[in-house]
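The residues making up each chain are set out below.
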Amino acid sequence: MSKADQLAAKLRQAQRTPADTDHCADLAIEHWPAQVYELYRQIETWLAPVCEAGLDIRHNPTHVFERHSSGSSYHYAIDQLVIEGNHRRIELDPIARFCAEGEGCIEVHLKEQLRRLVRTVGEHGESLWHIQAPQTTGQPRPTPLVLDEDALLSLVEEGLGL
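Residues numbered from 1 in each chain as written. Predicted model: local features only at pLDDT ≥ 70, side-chain atom pairs only at ≥ 80, totals over all residues. Heavy atoms only, no water.

Draft legend 1. Main features of the pairing of strand β1 (residues 56–67). With twelve bridges connecting them, β1 and strand β2 (residues 73–85) associate as antiparallel partners. What sits directly across from V64, in β2, is Y76. Linking β1 to β2, which pair antiparallel, is a turn of five residues; within it G71 sits at a positive phi near 105°. (Pairing = 2+ DSSP bridges. Helix = DSSP H or I, 4+ residues; strand = E, 2+ residues; numbered from the N terminus.)

Draft legend 2. Geometry of the nonpolar core. Counting residues in hydrophobic clusters, the biggest one holds 32 residues, and the most contacted among them are I83, L92 and L117. Where this core is concerned, the elements lending two or more residues are α2 (18–52), β1, β2, β3 (88–96), β4 (105–110), β6 (127–132) and α3 (149–160). Looking at this core, the element that brings in the most residues is α2, giving nine residues. Sequence-distant contacts of I83, defined by excluding residues within four places in its chain, comprise I43, L47, L55, D56, I57, R88, R89, I90, L92 and L160. (Core = buried A, V, L, I, M, F, W, Y, C linked by side-chain atoms within 4.5 Å. Buried < 20%, exposed > 50% of the residue type's maximum accessible area, 1.4 Å probe, protein only. Contact = heavy atoms within 4.5 Å.)

Draft legend 3. Broad picture of the side chain of R115. Summarising the element assignment, R115 is placed in strand β5 (residues 113–121). In this structure the side chain of R115 is engaged in a polar contact, spanning 2.9 Å, whose partner is the side chain of E158. Beyond its immediate stretch of four places on either side in the chain, R115 contacts I106, E107, V108, L110, I131, Q132, A133, P134, L155 and E158. (Polar contact = N/O pair within 3.5 Å; in protein donor to acceptor, adjacent residues only side chain to side chain.)

Draft legend 4. Spatial organisation of α3. Between its terminal C-alpha atoms α3 stretches 16 Å, which fits the 16 Å expected from twelve residues at 1.5 Å a residue. Buried within α3 are the following residues: A151, L152, L155, V156, G159 and L160. One side of α3 holds all its buried residues, which, seen down the axis, span an arc of 150°. With a side-chain oxygen lying 3.3 Å from the backbone nitrogen of D150, the N-terminal cap of α3 falls on D148. G161 sits one or two positions beyond α3 and adopts a positive phi of about 65°. (Expected span 1.5 Å × (residues − 1). Arc of directions from axis to C-beta.)

Put into structure tokens, the structure is as follows:
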């Protein structure tokens, strides 16, 4: 993004009214479940061969309550994705559309560990997902990994102890 594009984006942001901000937040929440379910479909595709070997994947309905920085609050239904195998469980919990790290966050609960899938938006509006490792005390946060098939399979391997 050029400096002129950055300045244009800042100017647009500065000219937004509270109604514009609320409308943008409303649209973001409206599209969030579809973005999450698109990711889930990709994960299920990547894991299809492992499912044939006994991996179980299911959706658990849940509700999220969150507040936008404008003060608007949202309550919506969205599914968790649960992956089970080898007597272990990985839970993907979409906790927030509005987060400091990007355009949405899904917590990944592994046995006694937590990762995050953070959504960012690419140059052409496409969803880009990254795996964010937890920050250890006194250390800088590790660089997020792009979520691709290999990264997901490594995460599943670790989470299920395979």
